[in-house]
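Topology and contacts: notes
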Amino acid sequence: MSENKPVVGVIMGSQSDWGVMKETTKVLELLEIACEAKIISAHRTPKRLSDYVEGAEARGVKIIIAGAGGAAHLAGVTAALTTLPVLGVPMESQALKGMDSLLSIVQMPGGIPVGTLAIGKAGAKNAGLLAAAIIALMDEGVAERLSSWREQQSQSIAYEPVDQ
Ligand code: RP5
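Helix and strand counts for the protein chain come out as six helices and five strands. Radius of gyration (C-alpha) of the protein chain: 16 Å, near the 15 Å computed for a compact globule of 164 residues. Principal-axis analysis of the C-alpha atoms gives the protein chain an extent of 50 × 40 × 30 Å. Expressed as a percentage of its 164 residues, the buried residues of the protein chain come to 43%. Residue pairs in contact within the protein chain that sit at least 24 positions apart in sequence constitute 67% of those at least 6 positions apart.

Here we come to the site of the ligand. Around the ligand, the surrounding shell consists of Gly 13, Ser 14, Ser 16, Asp 17, Arg 44, Ala 68, Gly 69 and Met 91. At 2.7 Å, a side-chain N or O of Ser 14 approaches an oxygen atom of the ligand. Within the side chain of Ser 16, an N or O atom sits 2.7 Å from an oxygen atom of the ligand. Relative to its free-state accessible area of 360 Å², the ligand is covered by the protein chains to the extent of 63%. Looking at the shell around the ligand residue by residue, the classes come out as two nonpolar, four polar and two charged.

Quick look at the pairing of strand β1 (residues 8–12) now. For β1, a buried count of five out of five residues is recorded, marking the element as mostly surrounded by other parts of the structure. As judged from the five bridges shared by β1 and strand β2 (residues 35–39), these two strands associate in the parallel manner. Residue Met 12 lies in a different strand from β2, and its bridge partner there is Ile 39. Where β1 meets strand β3 (residues 63–68), five bridges bridge the pair, whose relative direction is parallel. Across the sheet, residue Val 8 finds its bridge partner in β3, namely Ile 63.

Glancing now at the pattern of salt bridges. What the rule picks out here adds up to three salt bridges. The closest approach of N and O atoms between Glu 23 and Lys 26, which form a salt bridge, is 3.2 Å. Linking Glu 23 with Lys 26, this pair stays in helix α1 (residues 18–30), spanning three residues, or about one helical turn. Residue classification places Lys 26 among the partly exposed positions, given a relative accessible area of 47%. When the shortest N-O distance is used, the salt bridge between Glu 36 and Arg 59 registers 2.9 Å. With a gap of 23 residues between them, Glu 36 in strand β2 and Arg 59 in helix α2 (residues 46–59) connect regions that are remote in the sequence.

A cluster of nonpolar side chains, contributed by Leu 96, Met 99, Leu 103 and Val 106, occupies part of the molecular surface with about 350 Å² of accessible area. When you line up the elements, Leu 103 lands in helix α4 (residues 99–106).

Time to look at unusual backbone geometry. Even without a glycine there, the phi angle at Glu 32 is positive, about 60°. Examined against the element boundaries, Glu 32 turns out to sit in the loop between α1 and β2. Using a relative accessible area of 57% as the deciding quantity, one classes Glu 32 as exposed.

The next subject is the packing of α2 against helix α3 (residues 74–81). Between two packed helices, what matters for the description is the angle formed by their axes and the separation of those axes. Where α2 meets α3, the axes come as close as 10 Å, and the angle between the chain directions of the two elements is 50°. Here α2 lies oblique to α3, going by the angle between them. In the packing of α2 onto α3, the handedness of the crossing is right-handed. Mapping the contact onto sequence places Leu 49, Ser 50, Val 53 and Glu 57 in α2 and Leu 74, Val 77, Thr 78 and Leu 81 in α3. Per-class residue counts for the contact of α2 with α3 are five nonpolar, two polar and one charged.

Thresholds, definitions, all that
Residues numbered from 1 in each chain as written. Predicted model: local features only at pLDDT ≥ 70, side-chain atom pairs only at ≥ 80, totals over all residues. Heavy atoms only, no water. Helix = DSSP H or I, 4+ residues; strand = E, 2+ residues; numbered from the N terminus. Rg over C-alpha atoms; globule rule 2.2 N^0.38 Å. Buried < 20%, exposed > 50% of the residue type's maximum accessible area, 1.4 Å probe, protein only. Contact = heavy atoms within 4.5 Å. Near = heavy atom within 4 Å. Polar contact = N/O pair within 3.5 Å; in protein donor to acceptor, adjacent residues only side chain to side chain. Areas by Shrake-Rupley, 256 points an atom, 1.4 Å probe, with all protein chains shown as cover. Nonpolar A, V, L, I, M, F, W, Y, C, P; charged D, E, K, R; others polar. Pairing = 2+ DSSP bridges. Salt bridge = Lys/Arg side-chain N within 4 Å of Asp/Glu carboxyl O. Patch = residues over 30% accessible without salt bridge, like charges linked within 9 Å, V, L, I, M, F, W, Y side chains within 5 Å. Axes fitted to C-alpha atoms, helices over the stretch in contact; angles between N-to-C directions. Parallel < 35°, antiparallel > 145°, perpendicular 65-115°, else oblique. Left-handed = near helix turned anticlockwise from the far one by under 90°.

Here is the structure:
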């Protein structure tokens, strides 16, 4: 994922989440923010989760982004294990179109915050951008790259509509 020490840890509940969570790592890589991606399930690999969080803190990871679907407890349990900022991305589940994932991630008890993004690819992309905005507070290079990314996005939007 990156040769440098990861600043952002991107974790997901299943291999099946990777197609969506790639949107997060794509944007982080574009902004030259070192990141790593791991499959960790709050339910299926609970020990891997606690080991990962402990290790990530020790290695200097600053933000953890967790994507999961269904009974999506990954972000919440991660947040319970660390005071690092945790961002949660709800997967669009087949059964309930991601409403289950969204509510599982967003409805945290007071005291353990998770910053919840939108369901699916938009949320995954925005999780990367939000992590970049947090890191930009302490890193001028990231701040400049994020500003120019936003400027390019604005430039790419046509002013006049065309028939398609
Ligand atoms: C969650 O269950 C994962 O995050 C995934 O979104 C969902 C389905 O997982 P698989 O059955 O595809 O492994 O834990």
